[in-house]
Structures are given as structure tokens and as C-alpha cells.
Amino acid sequence: MPNSETSGPSGARAPASRDVANNLRGPGSSATRRAQLDARRWLWRESALGRLQSCGRVPTGPAVELAVRAGGRAHWSGLVSCGSVHACPVCSERIWAARQDELSRLLTAAHDAGFTVSMLTFTVRHTAGDALSAQLDALNEAWTAAQNSTATARAKRDAGFVGMVRRLEITDGAHGWHPHLHALVIHRHAGAAAALGATMHRAFVARLRRFGVESWATSGGLDARELTLGQALAEVASYVTKGTYEALDPARAAREVSGGRGKRGRGASRSHWQNLDLAVAGDRRCAARVHEYERATKGRRALTWTGAVQLDGEPVALTLRDRFLSEPERSDEEIAADNDGDQTAVALFTASDWSLVRRDAAMVDLLEVVETAAPDRRFDAVVAYLDARGFRVVPWRPPPDPATVSQTVSHTVSQTVSHG
Ligand SMILES: [Zn+2]
């Protein structure tokens, strides 16, 4: 059963209302940050995944750094990152912003080289009791079967298929989990999307039946359309808005929590982030949904790239990525961990001081203190804030040479211990 949020004509969807990539560079929104921190604290305690319990909490070295990026956005650096594109409210934001950037360049380059971009959406019928991991297994296997069928190979040749990028999206609706696949297909021949989509969908359905799952092309199971470049870029921008944590509208949270645990209107569907916010607000049923989602998505790729492009006169085909992008692919984990470049350290904290700060609203307050202070007053503003709040925490000015951070901190820690 498709739902209105996910099966509409995606090409016509409004472009992203929030520019997350910009948000990563400029100062952050206070309300979202505070909600995100509450979500994180809940995950540190309650997540079913060990890496999420550590993400943004456990130091990777002797010092945790309060740092600011060139655009003025402050962040905490020197902490474990989990790299979960599905389940982490912080890592997912970094990963999707990087993927949007890559895909936008790829689609623009393909379009400029004269290729057509189409979008195929495959959804399945589901019922409230279906386990998410079983649905994802069925979806994956059916998708692979759809790729490998001889009819698909023929349809791909007819379309001048060169490659595609497939995204897994999961919402939680009144009828249970609703996973579906969106594929951006790059091909040479305009007008071929419908035939390719229909052929792949037949092979998809045939394999799904082995799992007792249906997908009906005539009732929303298949959507195939050709996109303009603008529509394709809007689609990729929507990956970021849908994949990235956004605090649940407080009115909706109050309504859903007070209206009964986990209750919602017929047809209303929730993202993982909305389930997470309701779990943080004390909804045990949503907490169970969060945990099921965490376990079921662990190790599954949100985005997969396939295909190769061989241009006339070239001896070998290049992968879709190598053809259109100059840099090598980075894993989700690499993108999430690459959080510490392009920044200036403002203040250093020992691990034990960090553990005091992160238990408190100070963790977010300090980011805003740094973002609002004049650049040459940032460290003093941090110290003044900590004093005013009565914290027995002593940050250090970063040494001019970052390579000596480790020495400075271990020296100071041993001094503190010997004097303490
Ligand atoms: Zn994370």
C-alpha cells in the first residue's frame, strides 16, 4: 500500500526547503541542535547498536576539541563517529550532504554529456505485522533478480542503459514498515524509462512472490518517469531532507503522545527521526520501532551504484562514478569520520572534563558561545560561560602547532593529577 508521502510523482516534488549542506557550513539552528542532543543522549543510553551508543560521546584521543569551521559553525571534534546513514541523527546529516554533492555533480555531468536521467520507484504491499528485516531481505533479493533477468538485459540494451544509483527509503506507516526503492537511471535513449521500468518490475514481482510479498504495477507498486535535470537535482536534494534528522514539530509530538502511545491518523507515516523523537518523549512503542529499525538497517547500504559507461572509440568502460566524478568513492564511515578538517581549535578539554560538559546543556550552549563571540574572544567567552555556570572544568588554549595537542594534554592531565 503506497502512502501519499512517498509514492507521489517525485519529479514534481518541491525542492528541499532546508539546505543541509549550507547548514553544515553556517551556524546551526538552536532548536534542532537541542532536540538532536536530546535524541543523542537517548541513543547513548538506549540504542540497540554499540556504535550509536558511542557516537559523539567517546573521545578518540586525549583531548576533545571545541572547534569552529571556516563558515562559522562550531562543533565538537575528536569523538567517535558511528557512520550510520540510516540511524544516526548526526552522521546521517554529514553523509547525505556529501552524497547530495556527489550525485548532483554526477547527474549534471551525465546530462551535459547528452544522457537522459529517469527515476524508477518500486514499492511493495505490506501489512502492520511484517518484520522490517524480512521485508528488506525480500526487497533486496527481488531487486537483484530484477537486475539479472534476461528480459531486463534486453530492456537495458534498448534504453541505452549506462548505470544507476539506487536508494533505499523506509517509512513507518499506519500499515507498518514501508520500505521502497528509488533508482535514478542514466540512459542514452529518451522515452525508454516506462518500458525498462515495466520489464524490471515484472522480474521483481516474480521473485517477491517467493517471499509471499506482492507489488502491483497498476496500484502504485511501480513508478517510472523521465526527469529534467532540475527535477533530478530536486530529487537528490530530497534525499538530504528525508534522510536527515529534523526535530519533530512540537505540536505534533504533543498530539501524538497525549493522543495515546504511538497513535496517529490513518495513512500518516513517520520517518525514523519522528519515531526517535517520540521515543525520546517517552513513547515505548516508538522506542521499539527505533530498535527494530536500527537492527534491520545495520550493514545495509542506503545508496548503491551500478553500471559502466563506454563511450565510442574508448577501449574500456569506466564505472558510473569514475566516468562522471574525479574523486574515489568514500564509504559512509569515512565521510562521517572526516569531521575534523577545515577547522580552527578554540578550546581543548580532557576526557573527564568533556564527560561533565556533555551531560549538560553546556554541550550545545558552548557551540553557540563560540559562534556568537568575536573570533579573537572565543576562548575567553568559553571560560566566562563555564565560570558563570559554576563548572569545575578547565579548558586549554590550543597550542599553535596541532601536533603537540597530545603532549600538552597529557602534561596537563598529569599536573592536575599530581596537584589534585
Ligand atoms: Zn553517528
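For the structure given in this document, a descriptive report is provided here. Nothing here was measured: the structure is a model prediction, and the numbers come from that model.

Considerations on the sheet that holds strand S2 (residues 74–77)
Backbone hydrogen bonds are what pair the strands of a sheet, in a parallel or an antiparallel way.
And then number 1: Read from one edge of the open sheet, three strands run S2-S1-S9, paired in antiparallel fashion. Across the chains shown, the open sheet's two edge strands, defined by having one partner strand only, are S2 and strand S9 (343–350). Ignoring which end each strand starts from, the neighbouring axes of this sheet average 25 degrees apart.
And then number 2: Note: strand S1 (residues 63–69) against S9, seven bridges, orientation antiparallel. Residue pairing across strands places valine 68 opposite threonine 344, the latter belonging to S9.
And then number 3: Running over the sheet, helix H14 (residues 351–358) touches S1 and S9 and is turned about 100 degrees from S9.
And then number 4: In the packing of helix H15 (residues 362–372) onto the sheet, the strands contacted are S1, S2 and S9, and the crossing angle to S2 comes to about 130 degrees.

Some points on the pairing of strand S4 (residues 161–173)
And then number 1: Along S4, 10 of the 13 residues are buried, which leaves the element largely enclosed by surrounding structure.
And then number 2: Where S4 meets strand S5 (residues 176–187), 12 bridges bridge the pair, whose relative direction is antiparallel. Within S5, the residue paired with arginine 166 across the bridge is alanine 183.
And then number 3: Hairpin connection of S4 to S5: two residues between the antiparallel strands.
And then number 4: Sheet analysis places S4 next to strand S7 (residues 303–309), joined by five bridges and oriented antiparallel. Among the inter-strand pairings, arginine 167 is bridged to a residue of S7, identified as leucine 303.

About the cut-offs
- Residues numbered from 1 in each chain as written.
- Predicted model: local features only at pLDDT ≥ 70, side-chain atom pairs only at ≥ 80, totals over all residues.
- Pairing = 2+ DSSP bridges.
- Helix = DSSP H or I, 4+ residues; strand = E, 2+ residues; numbered from the N terminus.
- Axes fitted to C-alpha atoms, helices over the stretch in contact; angles between N-to-C directions.
- Contact = placed C-beta atoms within 7 Å.
- Buried ≥ 20, exposed ≤ 12 C-beta atoms within 10 Å, placed from the backbone.

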